[in-house]
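Reading the structure
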Amino acid sequence: MKSEEVALIERFVLDNPDLERLEAILDEFNPFVAMRWTRQETRHSSFLRWLLDPTETHGLGPYFLRQFLKHIASLSSQPASLSVVDLDSWSYTATQVLTEWNNIDLLVRDDSHKLIVLIENKVDSSEHSDQLNKYRGLIEKQFPQHNKLFAYLTVEGELASDESFIPLGYADLVRLIEGTITRRHDQMHPSVSAFMGSYVEMLRRHIVEDSEIQKLCEKIFKTHRRALEVLFEFQPDRASELKDYLLGLISQVAHLEADYSSKSYIRFCPKSWDFLPLHGEGWTQSKRMILFEIDQSGGGVKLKVLLGPGRQSTRERIHAFIAKQPSVFNRATTKYYPRWWSFHSENWVSKKQYEEADMDDLKQLISARFGQFVTDELRQMVKSVESLRGEQWD
């Protein structure tokens, strides 16, 4: 880093009240922030399901559900199939609120009133693959006699590609929850009121337009743009950070040794396998022929066990042995290739988890899976291959 870039960073961190205020906000305790719910779409859907369900522990009965449905109906530009008066008068004693029904984020179903409400929730993603039209078609087919409301909940109340969907913003949700806290405060348990208030505070700070965090970030960026560009230039990317983390996990297991690794491929081997001949060629400097490889090149995290390139007579003997161990190596009977043969593979982290999960959550997930692997599958693999000890090799 050049001296002028260092000076920019120093000016950025010295006497910067906006940065101090931003740090203060981020340091204030909020249960939803602490649990890293801020941008987790499924978490927001789960909270909304809790609020909408009349039988849930909030003690509000159908109050919030009724307010929510009346608000959606009042925003509709479609010919009215349901009146606000009807929605206000119903008891909702038989209402079900479901999440992920046929991949639909939220579904409110009340057969006694012939009512279906579909809510598609988007926080950091957008609609794709004509999903709204597909969901609407599914509902119309499954519930042809029901009255239907379709809501498209987004951060800024964006219009949906399907005009049947009523646009709803998170600012609307904030107003509805705040109104509920105000009007039902005396009937609510203090812990419920505080819980809902914390959720609203999290939305105001992190989600809704013109939040304090957004305003502070815009101001800081305008004032210190060049310093931030330098910071962005030198920040570690996700793959690099996970590489270092994975190598750290490997180093903590006494009987494992890391081999040559890149950002995308992290390799290791049990030390006890070093009795195998070092006949590898054109792969790693260790010349090992069998290596475990954690692959994050495709946007997820996979574990593979590979037989790499090297002396063919050695490879063929190892292949013949592995092919007889399908209970230990799950790809032992797959086609054998003369340079690279993957004879075991496990999906540890999906592409969606890899891209959307908070880094701390992702590390925790990987650590748990790695620990399970070392305790269970690896033990069997090590024992299996060590049965080759004493074999004579060319």
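Residues numbered from 1 in each chain as written. Predicted model: local features only at pLDDT ≥ 70, side-chain atom pairs only at ≥ 80, totals over all residues. Heavy atoms only, no water.

Tallying each qualifying case throughout the model produces one cavity of 30 Å³ or more. The computed volume of the largest cavity comes to approximately 80 Å³. Forming the walls of the largest cavity are C269, W273, D274, L276, P277, L278, R288, M289, I290 and I318. (1 Å grid on protein atoms, 1.4 Å probe; cavity = no way out; pocket = protein on both sides within 12 Å on 5 of 7 lines; lining within 4 Å. Points joined across faces, edges and corners; volume = space filled by probe spheres on them.)

For the pair helix α12 (residues 238-251) and helix α15 (residues 359-375), interaxial distance at closest approach is 11 Å and the crossing angle is 35°. Viewed along their axes, α12 and α15 form a crossing whose handedness is right-handed. Across the interface between the two elements, R238, E241, L242, Y245, L246, L249 and I250 from α12 touch M359, L362, K363, I366, S367 and F370 from α15. Taken together, the residues of the contact of α12 with α15 sort by class into nine nonpolar, one polar and three charged. (Axes fitted to C-alpha atoms, helices over the stretch in contact; angles between N-to-C directions. Helix = DSSP H or I, 4+ residues; strand = E, 2+ residues; numbered from the N terminus. Left-handed = near helix turned anticlockwise from the far one by under 90°. Contact = heavy atoms within 4.5 Å. Nonpolar A, V, L, I, M, F, W, Y, C, P; charged D, E, K, R; others polar.)

Glancing now at helix α5 (residues 63-75). The first and last C-alpha atoms of α5 sit 19 Å apart over 13 residues, in line with the 18 Å expected at 1.5 Å per residue. Across the 13 residues of α5, 10 count as buried, placing the element largely inside the fold. Along α5, the residues classified as buried are Y63, F64, L65, R66, Q67, F68, L69, K70, I72 and A73. (Expected span 1.5 Å × (residues − 1). Buried < 20%, exposed > 50% of the residue type's maximum accessible area, 1.4 Å probe, protein only.)

With that settled, the discussion passes to the sheet that holds strand β8 (residues 290-295). Working definition: the strands of a sheet are paired by backbone hydrogen bonds and lie parallel or antiparallel to each other. Read across the open sheet, the five strands follow the order β6-β7-β8-β9-β10; overall the sheet is antiparallel. Both edges of this open sheet fall to β6 (256-258) and β10 (341-349), since each of them pairs with a single strand only. Taken over all neighbouring pairs, the strand axes of this sheet differ in orientation by 25° on average, direction set aside. Sheet topology places strand β7 (residues 265-270) next to β8; four bridges connect them, and they run antiparallel. Counterpart to R267 in the pairing with β8 is E293. Contacting β6, β7 and β8, α12 crosses the sheet at an angle of about 5° to β7. (Pairing = 2+ DSSP bridges.)

At their nearest, the axes of α5 and helix α8 (residues 170-183) sit 11 Å apart, and the two run at 140° to each other. Between α5 and α8, the angle is such that the two are oblique. The two elements α5 and α8 meet at a crossing, and its hand is right-handed. Contact with α5, carried on its side by Y63, F64, Q67, F68 and H71, involves D172, L173, L176, I177, T180 and R183 of α8 and no other residues of that element. (Parallel < 35°, antiparallel > 145°, perpendicular 65-115°, else oblique.)

A few words now on the packing of aromatic side chains. Considering all chains together, one arrives at 22 aromatic pairs under this definition. With 5.2 Å between their ring centres and 40° between their planes, W341 and F343 make a pair best called tilted. Both residues of the pair, W341 and F343, count as buried. Grouping aromatic residues by their ring pairs yields a cluster made of F32, W37, F47, W50, F195 and Y199. (Phe/Tyr/Trp six-rings, centres within 6.5 Å; stacked < 30°, edge-to-face > 60°.)

Geometry only, nothing functional implied.
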